[in-house]
Amino acid sequence: MKDFTRQHRISSLSEYTKAYDSSVKDPESFWSDIASSFKWKKKWNQTLKWDFEAPDVKWFLGGKLNITENLLDRHLEERGEEVAILWEPNDPDEKGLSISYRELHRKVCQFANAMISKGVAKGDRVIIYMPMVPEAAVAMLACARIGAVHSVVFAGFSASALADRINDCEAKMVLTSDGNFRGAKTIDVKGVVDEAVAKCGCIEKVIVYQRTKSDVHMESGRDLWWHDAIQDVSEEHQAEEMDAEDLLFILYTSGSTGKPKGVVHTCGGYMVYTYYSFLNVFQYKPGDIYWCTADVGWITGHSYIVYGPLLAGATTVMFEGVPTYPDAGRFWEVCDKYQVNQFYTAPTAIRALEAHGLELVEKHKLDSLRVIGSVGEPINEEAWHWYHEHIGKRKCPLVDTWWQTETGGIMISALAGITPNKPAHASLPLPGIQPVIVDSEGNELTGNNVEGNLCVKFPWPSILRTTYGDHERCKHTYFSAYKNMYFTGDGAKRDHDGYLRILGRVDDVINVSGHRMGTAEVENAIDEHPKVIESAVVGYPHDIKGQGIYAFVIAETDGIEDEIKETVNKMIGPIAKPDKIQIVPGLPKTRSGKIMRRILRKIASKETDNLGDTSTLLNPEVVEEIIKGAS
Ligand code: WT7
């Protein structure tokens, strides 16, 4: 079998340096060369047009393609019988699935036809609210095939959060399941969809994949079963011709204001970048088995379970369950079972599994692993070493990959075994990525041993194009803080060796178990409780989750902590439930009425020795009372 990936896989440090230099000197030829290896229906006539002021970024202008032709059709001749998806169910005793590229192609074409027959057309938005079953990937790819814009919503979000997203993008269809198996639990999915859709006028059809065989309500005229929808439907479909800048998907993510925003990615640039970054960071070679443990509801699942790996013709493992079921050795068992070569997970999972002890690790060989990876939050040195030593057996490079929903793909990371590994450092930018560290005035801090805010000064192909329906917000959030730069919201340090270390968010976003939460979003949810007067939410260090959610609440009565948690659960979902709730007599405010979160963060982190200047507060006396209440 010809290795078509060889051409763009960097295989030595000097090749990295060479690629990096040329990507900075002449970004257009650099990306144009990579893009040329894909199947285009029509070649682009301009590689890049950009203006960070507007912002307006376009790649491969005038190019026409369909991303699914590049991740399915293109592979059929040479690797049609190779495994595209290896599916591991929640229950280890249930039989898994091995789906070849040819079968996946058939399933996607068939479901594409089914969606068309149910009234979905190019440009329509489709919500995917599904468990981790291969049909979730089929659903995404069928949308891409017909030019519908998918918006996957993590199936742990509540009905209210789901309804907000459906309404924001005015989706026409929801693809979902009857239920979801997660560990020992069966979770109701269809009931949540019913409750959400009742609040949305735009949904015409709901297609339900039968997974748990739960007894669910099917609304006549609106709902239909997946297996009925594909009954007698053709498995052939001519992929829709898409412009390189047509929308591929919207993915909602949290920001520093209350409402989640729909990050928009487009077809051409996203395709080129996810492919290139996947290949190089993980050093994937044909025949390898690759496993990313994320959920398709997050960007990691989009770029590095589905799109990146399939574009590279890889075998991607998809896991339905949770790391601790039936026991905390499940990840390692699955690694051995499928002889996984590249394993990609989150620091929170590492820390949680580490806490279960080594016995469950040592029962497994883990000798197929060649590369291990981390994503979602800064990985602390302790967890880094444990992962490197006990899972990677000191022989696997550990890639600490920094990126964001907005960046579409991995931006700063070692290339496994090619560029040096440094504990807790994302390390070096990928070719094509030009990160800068700036001070508060926006001056670029060059040289080593500098710390500041992390920006990127030149576009890359998978940069977000807009926030859906609100371009002003995109401009304001990412392109206004510093002139002519994309601002990430993270702080970073370039150390004495020139390696980048991500220091965490500098805005009002907290990172709980690798999931992004806006403090304002959680506050809005808490404030829905009828007895709550005001609340302030901050993050604090948490051993397993990285950051926990600490809520300071002014309420009419005590003893409503559990009710508040339930309110948040209902408004957003279990991932946003505060770990700690403290009912307080007041919140520290400036004279202009702004909550001084800095002080609350210190109290939540038990760093009360050094609270800084509190004399400018409107109500300095409240600080003492909050400290007393916290201990
Ligand atoms: C935020 C983005 C990227 C996919 C998963 C999260 C933090 C992500 C790292 C890392 C330190 C990291 C940042 C970033 N983050 N990866 N390797 N080291 N921090 O995507 O939900 O869009 O969150 O996650 O703070 O801004 P996301």
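Residues numbered from 1 in each chain as written. Predicted model: local features only at pLDDT ≥ 70, side-chain atom pairs only at ≥ 80, totals over all residues. Heavy atoms only, no water.

Peer 1: Can you walk me through the site of the ligand in this structure?
Peer 2: In the region of the ligand, 17 residues are neighbours, and D400, T401, T405, D490 and R516 sit closest. Side-chain polar atom of D400 to a nitrogen atom of the ligand: 2.8 Å apart, as the coordinates give it. The set of elements that each furnish at least two residues to the shell around the ligand consists of α10 (299-311), β20 (398-401) and β25 (500-505). (Near = heavy atom within 4 Å. Polar contact = N/O pair within 3.5 Å; in protein donor to acceptor, adjacent residues only side chain to side chain. Helix = DSSP H or I, 4+ residues; strand = E, 2+ residues; numbered from the N terminus.)

Peer 1: Can you walk me through the sheet that holds strand β21 (residues 435-438) in this structure?
Peer 2: Sheet strands line up and pair through hydrogen bonds in the backbone, either parallel or antiparallel. What the four strands build is an open sheet, ordered β21-β22-β24-β25; its pairing is antiparallel. Bordering the open sheet on either side are β21 and β25, each of which pairs with just one other strand. Between one strand axis and the next, the sheet turns through 45° on average, direction left out of account. (Pairing = 2+ DSSP bridges. Axes fitted to C-alpha atoms, helices over the stretch in contact; angles between N-to-C directions.)

Peer 1: For this particular structure, what's the right way to read the domain arrangement of the protein?
Peer 2: Interfaces are often described in size by the accessible area the parts lose on coming together. The domain architecture assigned to the protein consists of domain 1 (6-433) and domain 2 (509-630). For domain 1 and domain 2, the distance between their C-alpha centroids amounts to 33 Å. Opposite the 26 residues of domain 1 that make contact, domain 2 presents 22 residues. A combined buried area of about 1700 Å² lies between domain 1 and domain 2, and 48% of that area is made up of carbon and sulfur atoms. At the junction of domain 1 with domain 2, the criterion picks out two salt bridges. (Domains from an automatic or database assignment. Contact = heavy atoms within 4.5 Å. Buried area = accessible area lost by both parts, 1.4 Å probe. Salt bridge = Lys/Arg side-chain N within 4 Å of Asp/Glu carboxyl O.)

Peer 1: How should I be thinking about the packing of aromatic side chains in this particular structure?
Peer 2: Two numbers describe a pair of aromatic rings. These are the distance of the centres and the angle of the planes. Summed over all chains, the structure comprises 45 aromatic pairs. Ring plane angle 80° and centroid distance 6.5 Å describe the contact between W31 and W59, whose orientation is recorded as edge-to-face. Here W31 is found in helix α2 (residues 27-35), whereas its partner W59 is found in strand β2 (residues 56-61), with 28 residues between them in sequence. According to the relative accessible area criterion, W31 is buried, its value standing at 1%. Note on W59: relative accessible area 0%, which makes it buried. Grouped by ring-pair contacts, the aromatic residues F30, W31, W40, W44, W59, F60, Y273 and Y276 constitute a single cluster. Between the NZ or CZ atom of K43 and the centre of the ring of W44, over which it lies, the distance is 4.6 Å. (Phe/Tyr/Trp six-rings, centres within 6.5 Å; stacked < 30°, edge-to-face > 60°. Buried < 20%, exposed > 50% of the residue type's maximum accessible area, 1.4 Å probe, protein only. Lys NZ or Arg CZ within 6 Å of the ring centre and 35° of its normal.)

Peer 1: Looking at this structure, how should I read helix α18 (residues 597-604)?
Peer 2: The buried fraction of α18 is high, at six of eight residues. By the burial criterion, the buried members of α18 are R597, I599, L600, K602, I603 and A604. The elements touched by buried residues of α18 are α16 (519-526), β28 (532-542), β29 (546-555) and α19 (621-630). Looking one or two residues past α18, K606 carries a phi angle of roughly 60°, positive in sign.

Peer 1: Before we go on, may I ask you to explain the state of the cysteines in this structure?
Peer 2: For the coordinates displayed, the defined rule picks out zero disulfides. Here C267 stays unpaired: no disulfide links it, and the sulfur of C143, its closest cysteine neighbor, is 12 Å away. Take C267: its relative accessible area is 3%, and that puts it in the buried class. (Disulfide = S-S within 2.5 Å.)

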